[in-house]
Amino acid sequence: MATTTSTVTGVLIDRLGSTEGDIISGTSGNDTITGSSFDDSIYGGEGNDIITGGDGNDYFRITYNAGSDSIVGGAGNDKFVIRDNDWQFAANNTHTLTGGTGNDIYAISSENKSAVIITDFTAGVSGDVLDVVSLLTNSVNLIANPFLSSNRYFRLIQDTVTPANALFQWDQDGETGTQYAWKTVVTLQNTTAANFVAANFAPQIP
């Protein structure tokens, strides 16, 4: 079956106004989507999509996707929500996210099955944020700081294969549990794990 490729501004669902941005949805094919200079909401849909938000505080969502997306937020404080849990395709997908300038938020669902790469995460005070609410909510028997060495649920380590990259990993039932193992939630390119502070997580983790 042939795969369609659309090089379009996207399927415009709603124009909110000249200063409010647009709601744009991709097709089931491979789309190239470009947002406006305002606050857009962009949904890639299926396929291998290339998405650029442009200026403004944009919102991007990837869910149940049969493809790998490349998303560039651009200027502004953007939010990326990744919940790619397609049982058939997600494990083969890789989503590459570039926030651009601004303080960006990356929310990765506990149900996500795809690989996620962030190319420009800024660690430290006034940096970018990993939204880990879904991971915390679905951690088994978690009662304390998930980074505690006595029974870690979260860890940040340097990638042994590509040492310039940091890996944020999650063990759903903690290191002492036996049902789950460490899973890389997101790869952070050219990032030093030791530079992370509490403010780089939502909610903040001491």
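All figures in this text were calculated on a predicted structure; none of them were measured in a lab. (Residues numbered from 1 in each chain as written. Predicted model: local features only at pLDDT ≥ 70, side-chain atom pairs only at ≥ 80, totals over all residues. Heavy atoms only, no water.)

Caption draft 1: Molecular detail of the packing of aromatic side chains. Scanning all chains against the criterion turns up ten aromatic pairs. Ring plane angle 10° and centroid distance 4.9 Å describe the contact between Phe 80 and Tyr 106, whose orientation is recorded as stacked. Here Phe 80 is found in strand β9 (residues 79-83), whereas its partner Tyr 106 is found in strand β11 (residues 105-108), with 26 residues between them in sequence. Here Phe 80 and Tyr 106 have matching classes, each one buried. When the centroid spacing of 5.7 Å and the interplanar angle of 40° are considered together, the rings of Phe 196 and Phe 201 count as tilted. Given the relative accessible area of 12%, Phe 196 is considered buried. By relative accessible area, which is 5% here, Phe 201 ends up buried. Cluster of aromatic residues (ring-pair linked, three or more members): Phe 60, Phe 80, Tyr 106, Phe 121, Phe 147, Phe 154, Phe 168, Phe 196 and Phe 201. (Phe/Tyr/Trp six-rings, centres within 6.5 Å; stacked < 30°, edge-to-face > 60°. Helix = DSSP H or I, 4+ residues; strand = E, 2+ residues; numbered from the N terminus. Buried < 20%, exposed > 50% of the residue type's maximum accessible area, 1.4 Å probe, protein only.)

Caption draft 2: Representation of empty space enclosed by the protein within the structure. In this structure the tally under the stated criterion is one cavity of 30 Å³ or more. Considered as a void within the structure, the largest cavity measures approximately 40 Å³ in volume. Lining the largest cavity, in full, are Tyr 106, Ile 108, Leu 130, Asp 131, Val 132, Leu 135, Phe 168, Val 185 and Val 186. Looking at the lining of the largest cavity, the elements that each hand over two or more residues are β11, β13 (129-131) and β16 (183-188). Partitioning the lining of the largest cavity into residue classes produces eight nonpolar, no polar and one charged. (1 Å grid on protein atoms, 1.4 Å probe; cavity = no way out; pocket = protein on both sides within 12 Å on 5 of 7 lines; lining within 4 Å. Points joined across faces, edges and corners; volume = space filled by probe spheres on them. Nonpolar A, V, L, I, M, F, W, Y, C, P; charged D, E, K, R; others polar.)

Caption draft 3: Quick look at the pattern of salt bridges. As enumerated under the stated definition, the model contains two salt bridges in all. The partner of Glu 111 in a salt bridge is Arg 83, and the shortest N-O contact between them spans 3.0 Å. Of this pair, Glu 111 sits in the loop between β11 and β12 (115-118) while Arg 83 sits in strand β9; the two residues are 28 residues apart in sequence, bridging distant segments of the chain. With relative accessibility at 37%, the residue Glu 111 sits in the partly exposed group. Relative accessible area serves as the criterion here: at 34%, Arg 83 is assigned to the partly exposed category. (Salt bridge = Lys/Arg side-chain N within 4 Å of Asp/Glu carboxyl O.)

Caption draft 4: Structural view of unusual backbone geometry. Cis geometry marks the peptide bond from Ala 202 to Pro 203; its omega dihedral reads 0°. Relative to the helices and strands, Pro 203 resides in the segment after β17 (201-202). Unlike most non-glycine residues, Ser 126 shows phi in positive territory, near 65°. Residue placement: Ser 126 occurs in the loop between β12 and β13. One non-glycine residue, Asn 141, lies in the positive phi region at around 60°. Considering the arrangement of structural elements, one finds Asn 141 in the loop between α1 (133-137) and β14 (154-158).

Caption draft 5: Molecular detail of the confidence of the model for the protein chain. In this model, the protein chain carries a mean pLDDT of 89, and residues with pLDDT of at least 70 account for 90%. Long-range and interchain partners of residues 1-18, a stretch whose pLDDT sits below 50, account for 37 contacts in this model, where long-range means more than four residues apart. (pLDDT = per-residue confidence, 0-100. Contact = heavy atoms within 4.5 Å.)

Caption draft 6: Molecular detail of the nonpolar core. Leu 130, Val 132, Phe 154, Phe 168 and Leu 188 are the most contacted members of the largest nonpolar core, which totals 30 residues. The set of elements that each furnish at least two residues to this core consists of β7 (59-63), β9, β11, β12, β15 (166-170) and β16. Leave out the neighbours within four places in its chain, and Leu 130 touches Tyr 106, Ile 118, Phe 121, Phe 168, Val 186, Phe 196, Asn 200, Phe 201 and Ala 202. (Core = buried A, V, L, I, M, F, W, Y, C linked by side-chain atoms within 4.5 Å.)

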